[in-house]
Amino acid sequence: MSSVEETPKSRVLVIGGTGHIGKHLVFASIRLGHSTAILVRDTTPSDPAKVELLKSFIESGAALLKGDLLDHESLVKAIRCADVVISAVGPRQVKEQPRIITAIKEAGNVKRFMPSEFGSDVDRLNTVDPAKSLYAVKANLRRLIEAEGIPHTYVACNSFAETYLPSIGDVTAVGAGPPSNRITVLGDGNSKAVFMVEEDIATYTMRAVDDARTLNKILYMRPPANVLSHNDLILLWEKKSGRTLQRVHIPEEEVFNWIKVEAAFPLNILLSLALSIFVRGDQANFNIDPTIGVEATKLYPDVNYTTVDDFLSRLL
Ligand SMILES: NC(=O)c1ccc[n+]([C@@H]2O[C@H](COP(=O)([O-])OP(=O)(O)OC[C@H]3O[C@@H](n4cnc5c(N)ncnc54)[C@H](OP(=O)(O)O)[C@@H]3O)[C@@H](O)[C@H]2O)c1
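Calculation notes
- Residues numbered from 1 in each chain as written.
- Predicted model: local features only at pLDDT ≥ 70, side-chain atom pairs only at ≥ 80, totals over all residues.
- Heavy atoms only, no water.
- Core = buried A, V, L, I, M, F, W, Y, C linked by side-chain atoms within 4.5 Å.
- Buried < 20%, exposed > 50% of the residue type's maximum accessible area, 1.4 Å probe, protein only.
- Helix = DSSP H or I, 4+ residues; strand = E, 2+ residues; numbered from the N terminus.
- Salt bridge = Lys/Arg side-chain N within 4 Å of Asp/Glu carboxyl O.
- Pairing = 2+ DSSP bridges.
- Right-handed = clockwise from strand over helix to strand, strands pointing away.

Undergrad: Is there a simple way to think about the nonpolar core in this case?
TA: One recurring pattern in soluble globular proteins is that nonpolar side chains are buried together. Leu165, Val171, Leu186, Phe195, Leu233 and Phe278 are the most contacted members of the largest nonpolar core, which has 39 residues in total. Among the secondary structure elements, those contributing two or more residues to this core are α5 (131–147), α6 (161–164), β8 (182–186), β9 (192–196), α8 (230–241), α9 (252–262), α10 (267–279) and α12 (308–314). Counting residues in each nonpolar core, the second largest holds 37 residues, with Val14, Leu53, Ile86 and Tyr300 among its members.

Quick look at the structure:
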């Protein structure tokens, strides 16, 4: 561990800690020794899975603070108890995050804010709606954070493994498990994408929390073993599973048409995200500019990240 990480551990507040990436952030925060609080809308939920999750947070030593992103007083009160605020609110709530900026300014104690990004670098994307608008909301929030002079780190972890890998990168079949005969490939399938297992995203994010090298920077996650094209991914799966898949290529123009004319939610959003990731190669088609960004596996080489190869073995 480098000396920059040996300062006392910041107190962390996670907003959206019960969500898909949020829960991993909470557990990583606790694991790495941070005093951890979670802003929770409902502390006595009816959903049994949520009850179990909240119970495991408390048993692990986290504090539940009742509050809501839409309730200013509760937000300020929770933020006053933290040094670092991490937002992991979902895609539907990202547009409400200026409320966090207002609360951070009022509280006046925050050393660092990590907004809910957890995807591609929002300043480097080349796609169409609906993903284009979602990314624009996240990019506008960056501009607001910078204009208000709020210390920050933007987490550009790229593609979640649990979203994209179970269908072997086929966004037309998310949730269906690995394909048995045919697979849809957008474009020629040769652009490189980056896949990250959620637990590792959380570990790298929490390592960055008190690290001066990541202050006011983009924390990119680009583990060398996890930078693969869709074609690479399919070949890897074929070798592992012993199956041969028929590739059905959809040319870029047809993907546009599909998004605009035919695809309903959520396929339209998945296709517009995939256009950027798998066709345009927006996650890996640039060198990281060291004046604005750092790469997580280079900063923390001791973290033993899960490779795509390892993750696919779990699907067998
Ligand atoms: N890179 C990728 O492949 C990828 C994939 C998916 C998402 N993402 C990004 O990751 C980020 C997090 O998304 P996610 O899918 O993990 O989120 P999610 O599962 O939808 O979770 C949303 C969280 O926000 C909380 N929340 C909702 N409304 C709230 C409110 N009014 N006040 C306080 N908390 C509220 C929810 O709490 P409740 O339990 O109370 O509902 C939940 O904890 C987003 O920026 C998203 O775009 C990236």
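Undergrad: Help me out: how do you make sense of the pattern of salt bridges in this one?
TA: Here the idea is simple: oppositely charged side chains can pair when their charged atoms come close. Enumeration according to the criterion identifies 14 salt bridges in this entry. The salt bridge partner of Glu117 is Arg142, with a shortest N-O separation of 2.8 Å. With Glu117 in the loop between β5 (112–114) and α5 and Arg142 in helix α5, this residue pair connects regions lying 25 residues apart in the sequence. Glu117 gets classed as buried once you look at its relative accessible area, which sits at 4%. Arg143 is the salt-bridge partner of Asp123, the closest N and O atoms lying 2.9 Å from each other. Residue Asp123 is located in the loop between β5 and α5, and its partner Arg143 is located in helix α5; the two are separated by 20 residues in the primary sequence. A network of salt bridges, in which partner residues are shared, links Glu117, Asp121, Asp123, Arg142, Arg143 and Glu146.

Undergrad: Would you explain the environment of Asn304 in this entry?
TA: Mapped onto the elements of the fold, Asn304 is located in the loop between α11 (296–299) and α12. By relative accessible area, which is 73% here, Asn304 ends up exposed. Between the C-alpha atoms of Asn304 and Asp200, which are 104 residues apart in sequence, the distance is 8.6 Å.

Undergrad: Which parts of the structure should I look at to understand the pairing of strand β2 (residues 36–40)?
TA: Across a regular strand the side chains alternate sides, sitting on one face of the sheet and then on the other. When you tally the buried positions in β2, you get 5 out of 5 residues, the bulk of the element. Here β2 shows no split at all, with Thr36, Ile38 and Val40 on one side and Ala37 and Leu39 on the other all buried. Bridge count for strand β1 (residues 12–15) against β2 is 4 bridges, and the pairing is parallel. Within β2, the residue paired with Val14 across the bridge is Ile38. A crossover links β1 with its parallel partner β2, the connecting element being helix α1 (residues 22–31), and its sense is right-handed. Considered for its hand, the β-α-β crossover made up of β2, helix α2 (residues 48–60) and strand β3 (residues 63–66) is right-handed.

Structural measurements only, silent on function.
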